[in-house]
Amino acid sequence: SAPNVPAQRYAMTLLGMDFRRFSQNVPVGQEAIAMTQLATLHGDAVAIANSYDGRIFEHHGSRVLIGFGGEQRQLRAMHALAALLPRAASLGPGAAPAAALHDGEFVHGSLPNFEPLSATIGLGTAQLGRLLGEAGAGQIILGPTFAKGLNAVLERDASSEPSVATGAASGKRFYVLTAN
(Lines give C-alpha, C1' and ligand atoms only; values in the text may rest on other atoms or scores of the structure.)
Protein backbone atom coordinates (compact mmCIF):
# COMPACT_ATOMS: atom_id res chain seq x y z
CA SER A 1 0.00 0.00 0.00
CA ALA A 2 1.27 3.45 -0.93
CA PRO A 3 1.86 5.98 1.83
CA ASN A 4 -0.70 8.62 2.71
CA VAL A 5 0.19 11.85 0.88
CA PRO A 6 -1.11 14.94 2.73
CA ALA A 7 -3.06 17.39 0.58
CA GLN A 8 -0.78 20.18 -0.56
CA ARG A 9 -1.21 23.27 -2.77
CA TYR A 10 1.21 23.81 -5.63
CA ALA A 11 1.86 26.71 -8.04
CA MET A 12 3.79 25.20 -10.92
CA THR A 13 4.24 24.84 -14.62
CA LEU A 14 2.13 21.88 -15.68
CA LEU A 15 2.96 19.68 -18.65
CA GLY A 16 0.13 17.45 -19.79
CA MET A 17 0.63 14.84 -22.47
CA ASP A 18 -1.97 12.60 -24.05
CA PHE A 19 -0.56 9.66 -25.98
CA ARG A 20 -3.71 9.41 -28.08
CA ARG A 21 -2.48 6.37 -29.92
CA PHE A 22 -3.59 4.51 -26.78
CA SER A 23 -7.07 6.06 -26.87
CA GLN A 24 -7.97 4.11 -30.00
CA ASN A 25 -9.10 0.53 -30.38
CA VAL A 26 -6.17 -1.80 -29.84
CA PRO A 27 -5.96 -4.42 -32.61
CA VAL A 28 -6.79 -7.96 -31.52
CA GLY A 29 -3.62 -9.76 -30.53
CA GLN A 30 -1.76 -6.47 -29.86
CA GLU A 31 -2.98 -5.91 -26.28
CA ALA A 32 0.29 -6.86 -24.54
CA ILE A 33 2.35 -4.85 -27.04
CA ALA A 34 0.21 -1.73 -26.50
CA MET A 35 0.42 -2.01 -22.70
CA THR A 36 4.20 -2.53 -22.88
CA GLN A 37 4.59 0.52 -25.13
CA LEU A 38 2.47 2.66 -22.78
CA ALA A 39 4.43 1.41 -19.76
CA THR A 40 7.68 2.31 -21.53
CA LEU A 41 6.43 5.84 -22.27
CA HIS A 42 5.30 6.33 -18.68
CA GLY A 43 8.68 5.06 -17.44
CA ASP A 44 10.42 7.47 -19.80
CA ALA A 45 8.19 10.29 -18.51
CA VAL A 46 9.17 9.53 -14.90
CA ALA A 47 12.90 9.41 -15.71
CA ILE A 48 12.83 12.57 -17.82
CA ALA A 49 10.68 14.48 -15.31
CA ASN A 50 13.15 13.57 -12.57
CA SER A 51 16.12 14.68 -14.70
CA TYR A 52 14.54 18.15 -15.11
CA ASP A 53 13.46 18.49 -11.46
CA GLY A 54 9.87 17.70 -12.34
CA ARG A 55 7.38 15.46 -10.60
CA ILE A 56 4.78 13.10 -12.01
CA PHE A 57 1.44 13.92 -10.41
CA GLU A 58 -0.86 11.73 -12.49
CA HIS A 59 -0.70 8.74 -14.81
CA HIS A 60 -4.16 8.01 -16.08
CA GLY A 61 -4.63 5.82 -19.11
CA SER A 62 -3.03 7.58 -22.05
CA ARG A 63 -2.40 10.82 -20.11
CA VAL A 64 0.42 11.99 -17.87
CA LEU A 65 0.63 15.19 -15.79
CA ILE A 66 4.06 16.52 -14.78
CA GLY A 67 4.68 19.55 -12.55
CA PHE A 68 7.76 21.79 -12.51
CA GLY A 69 8.39 24.35 -9.76
CA GLY A 70 11.01 26.92 -8.95
CA GLU A 71 13.29 28.97 -11.14
CA GLN A 72 13.14 28.53 -14.91
CA ARG A 73 10.30 26.03 -14.55
CA GLN A 74 8.90 26.91 -17.98
CA LEU A 75 12.24 26.22 -19.62
CA ARG A 76 12.69 22.92 -17.76
CA ALA A 77 9.18 21.85 -18.80
CA MET A 78 10.04 22.62 -22.45
CA HIS A 79 13.28 20.61 -22.19
CA ALA A 80 11.42 17.67 -20.65
CA LEU A 81 8.81 17.80 -23.41
CA ALA A 82 11.55 17.97 -26.06
CA ALA A 83 13.18 14.88 -24.51
CA LEU A 84 9.88 12.95 -24.40
CA LEU A 85 8.76 13.65 -27.97
CA PRO A 86 11.39 11.46 -29.71
CA ARG A 87 10.57 8.60 -27.32
CA ALA A 88 6.93 8.71 -28.42
CA ALA A 89 7.89 9.11 -32.09
CA SER A 90 9.99 5.94 -31.86
CA LEU A 91 6.71 3.99 -31.62
CA GLY A 92 6.02 4.77 -35.26
CA PRO A 93 3.56 6.81 -37.33
CA GLY A 94 0.73 8.46 -35.42
CA ALA A 95 2.51 8.20 -32.07
CA ALA A 96 3.13 11.94 -31.53
CA PRO A 97 1.25 12.99 -28.39
CA ALA A 98 -1.00 15.96 -27.91
CA ALA A 99 0.54 18.23 -25.27
CA ALA A 100 -0.25 21.36 -23.30
CA LEU A 101 1.78 23.62 -21.01
CA HIS A 102 0.16 25.86 -18.41
CA ASP A 103 1.20 27.79 -15.31
CA GLY A 104 -1.34 27.36 -12.54
CA GLU A 105 -2.31 26.29 -9.04
CA PHE A 106 -3.60 22.89 -8.00
CA VAL A 107 -3.95 20.61 -4.99
CA HIS A 108 -2.57 17.07 -4.84
CA GLY A 109 -2.92 14.46 -2.14
CA SER A 110 -4.27 11.08 -1.07
CA LEU A 111 -7.99 10.50 -0.99
CA PRO A 112 -8.89 9.89 2.68
CA ASN A 113 -10.08 6.34 3.30
CA PHE A 114 -9.07 5.35 -0.24
CA GLU A 115 -5.26 5.22 -0.03
CA PRO A 116 -3.26 4.49 -2.15
CA LEU A 117 -5.47 6.55 -4.49
CA SER A 118 -4.50 10.19 -4.90
CA ALA A 119 -5.98 13.05 -6.88
CA THR A 120 -4.84 16.27 -8.48
CA ILE A 121 -7.59 18.90 -8.43
CA GLY A 122 -8.11 22.61 -8.92
CA LEU A 123 -8.41 25.30 -11.55
CA GLY A 124 -4.84 24.79 -12.84
CA THR A 125 -5.47 21.15 -13.75
CA ALA A 126 -8.91 21.96 -15.18
CA GLN A 127 -7.39 24.63 -17.41
CA LEU A 128 -4.61 22.26 -18.48
CA GLY A 129 -7.21 19.61 -19.30
CA ARG A 130 -9.12 22.05 -21.51
CA LEU A 131 -5.92 23.05 -23.32
CA LEU A 132 -4.99 19.39 -23.79
CA GLY A 133 -8.42 18.71 -25.26
CA GLU A 134 -7.80 21.44 -27.84
CA ALA A 135 -4.44 20.02 -28.97
CA GLY A 136 -4.26 17.73 -31.95
CA ALA A 137 -1.75 14.88 -32.16
CA GLY A 138 1.72 16.36 -32.51
CA GLN A 139 0.51 19.78 -31.37
CA ILE A 140 1.59 21.59 -28.20
CA ILE A 141 -0.80 24.23 -26.87
CA LEU A 142 0.61 26.90 -24.58
CA GLY A 143 -1.55 28.57 -21.95
CA PRO A 144 -1.23 32.37 -21.97
CA THR A 145 0.37 32.52 -18.50
CA PHE A 146 2.90 29.88 -19.56
CA ALA A 147 3.74 31.77 -22.78
CA LYS A 148 4.29 35.02 -20.83
CA GLY A 149 6.43 33.23 -18.23
CA LEU A 150 8.50 31.54 -20.92
CA ASN A 151 9.07 34.86 -22.70
CA ALA A 152 10.24 36.37 -19.41
CA VAL A 153 12.66 33.48 -18.76
CA LEU A 154 14.03 33.74 -22.28
CA GLU A 155 14.03 37.55 -22.04
CA ARG A 156 12.03 37.78 -25.26
CA ASP A 157 9.52 40.40 -26.16
CA ALA A 158 5.96 39.81 -27.30
CA SER A 159 6.98 40.13 -30.97
CA SER A 160 8.61 36.69 -30.77
CA GLU A 161 5.55 34.88 -29.40
CA PRO A 162 4.74 31.38 -30.71
CA SER A 163 2.32 30.90 -33.59
CA VAL A 164 -1.44 30.82 -33.12
CA ALA A 165 -3.80 28.07 -34.30
CA THR A 166 -7.43 27.13 -33.90
CA GLY A 167 -8.21 24.59 -31.16
CA ALA A 168 -9.57 21.20 -32.19
CA ALA A 169 -12.62 21.27 -29.89
CA SER A 170 -13.75 24.88 -29.38
CA GLY A 171 -12.51 26.68 -32.46
CA LYS A 172 -10.81 29.25 -30.19
CA ARG A 173 -7.35 30.57 -30.99
CA PHE A 174 -4.35 29.30 -28.97
CA TYR A 175 -0.59 29.67 -28.86
CA VAL A 176 0.86 26.50 -30.36
CA LEU A 177 4.09 24.73 -31.16
CA THR A 178 4.39 21.71 -33.43
CA ALA A 179 6.16 18.56 -32.31
CA ASN A 180 8.09 18.23 -35.57
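The residue numbers shown here count from 1 along each chain, following its written sequence. Local features in a predicted model are, by the rule used here, given only for residues with pLDDT of at least 70; side-chain atom pairs are given and counted only at 80 or more, and totals for whole chains, interfaces and linings are based on all residues. The side-chain quantities take in all heavy atoms of the structure and omit both hydrogens and water.

S.K.: Any chance you could break down the nonpolar core for me, citing the residues and the numbers?
M.R.: The tendency in soluble globular proteins is for nonpolar side chains to be buried side by side. In this structure, Leu15, Met17, Phe19, Ile66, Leu81, Leu101 and Ile140 are the most contacted members of the largest nonpolar core, which totals 25 residues. The numbering of helices and of strands both runs from the N terminus, where a helix is a DSSP run of H or I of at least 4 residues and a strand a run of E of at least 2. Listing elements by their share of this core, those giving two or more residues are β1 (8-18), α1 (31-51), β3 (63-68), α2 (73-89), β4 (98-110), β6 (139-142) and α4 (144-154). Among the buried residues, those of types Ala, Val, Leu, Ile, Met, Phe, Trp, Tyr and Cys that are joined through side-chain atoms within 4.5 Å form a nonpolar core. Burial classification: accessible surface area is computed with a 1.4 Å probe over protein chains only, and a residue below 20% of its type maximum counts as buried, one above 50% as exposed, and the rest as partly exposed. Core analysis: the next-biggest nonpolar cluster, separate from the first, contains 16 residues, Tyr10, Ala98, Leu128 and Ile141 among them.

S.K.: Tell me about the packing of aromatic side chains, and name the residues and values.
M.R.: Two descriptors summarise a pair of aromatic rings, namely the distance from one centre to the other and the angle between the planes of the rings. When two rings of Phe, Tyr or Trp (its six-membered ring) have centres within 6.5 Å they constitute a pair, described as stacked for plane angles under 30 degrees, edge-to-face for angles over 60, and tilted for the intermediate range. One pass over the full model with this rule turns up 3 aromatic pairs. When the centroid spacing of 5.0 Å and the interplanar angle of 70 degrees are considered together, the rings of Tyr10 and Phe57 count as edge-to-face. Here Phe57 lies in strand β2 (residues 54-60) and Tyr10 lies in strand β1, a separation of 47 residues in the sequence. The burial state of Tyr10 is the same as that of Phe57; both residues are buried.

S.K.: Describe helix α3 (residues 123-134), naming the residues involved and giving the relevant values.
M.R.: A helix is expected to reach a length of 1.5 Å times the quantity of its residues less one. Given a rise of 1.5 Å per residue, 12 residues ought to cover 16 Å, and the 17 Å separating the end C-alpha atoms of α3 matches this to within 8%. Where α3 is concerned, the buried positions are Gly124, Thr125, Leu128, Leu131, Leu132 and Glu134. By definition in these notes, contact holds between two residues if any of their heavy atoms fall within 4.5 Å. Buried residues along α3 sit against β1, β3, β4, β5 (118-121), β6 and β8 (173-178).

S.K.: Give me the lowdown on α1, citing residues and values where you can.
M.R.: When the terminal C-alpha atoms of α1 are compared, their 30 Å separation across 21 residues agrees well with the 30 Å that a helix rising 1.5 Å per residue should span. Of all the residues in α1, the buried ones are Ala34, Leu38, Leu41, His42, Asp44, Ala45, Ile48 and Ala49. The arc that holds the buried residues of α1, viewed along the axis, is 155 degrees, so those residues lie on one side. Exposed positions of α1 whose direction lies more than 90 degrees from the buried face are Ala32, Met35, Thr36, Asn50 and Ser51. On its buried face, α1 sits against β2, β3 and α2. An arc is given here, and it is the one of the directions from the helix axis to the C-beta atoms.

S.K.: Before we move on, could you go through the pairing of strand β7 (residues 163-166) and cite the residues and values that matter?
M.R.: As judged from the 4 bridges shared by β7 and β8, these two strands associate in the antiparallel manner. Along β8, the bridge assignment pairs Ala165 with Phe174. In textbook terms, the turn of a hairpin is the stretch between consecutive antiparallel strands, and for β7 and β8 this stretch comprises 6 residues, one of which, Gly171, has a positive phi near 80 degrees. We treat two strands as partners when DSSP finds at least two bridges between them.

S.K.: Give me the pattern of salt bridges: which residues, what numbers.
M.R.: We count a salt bridge whenever a side-chain nitrogen from Lys or Arg sits within 4 Å of a carboxyl oxygen from Asp or Glu. The full count for this structure, using the stated rule, is 5 salt bridges. The salt bridge involving Arg87 is made with Asp44; its shortest N-O contact spans 3.1 Å. With Arg87 in helix α2 and Asp44 in helix α1, the pair connects residues that are 43 residues apart, well separated along the chain. As a salt-bridge pair, Arg73 and Asp103 come within 4.0 Å of each other at their nearest N and O atoms. Of this pair, Arg73 sits in helix α2 while Asp103 sits in strand β4; the two residues are 30 residues apart in sequence, bridging distant segments of the chain. On the basis of relative accessibility, which here comes to 26%, the residue Arg73 falls in the partly exposed class. Owing to a relative accessible area of 13%, Asp103 belongs among the buried residues under this scheme.

S.K.: Please give an account of the environment of Tyr52 that cites residues and values.
M.R.: Mapped onto the secondary structure, Tyr52 falls in the loop between α1 and β2. Look at Tyr52 and you get partly exposed, because its relative accessible area is 26%. C-alpha separation for the pair Tyr52 and Leu84, spaced 32 residues apart in sequence, amounts to 12 Å.

S.K.: Please set out unusual backbone geometry residue by residue, giving values where relevant.
M.R.: In this model, Asp53 sits at a positive phi of 55 degrees, which is unusual for a non-glycine residue. When you line up the elements, Asp53 lands in the loop between α1 and β2. Despite not being glycine, Asn113 shows a phi value in the positive range, around 70 degrees. With respect to the helices and strands, Asn113 occurs in the loop between β4 and β5.

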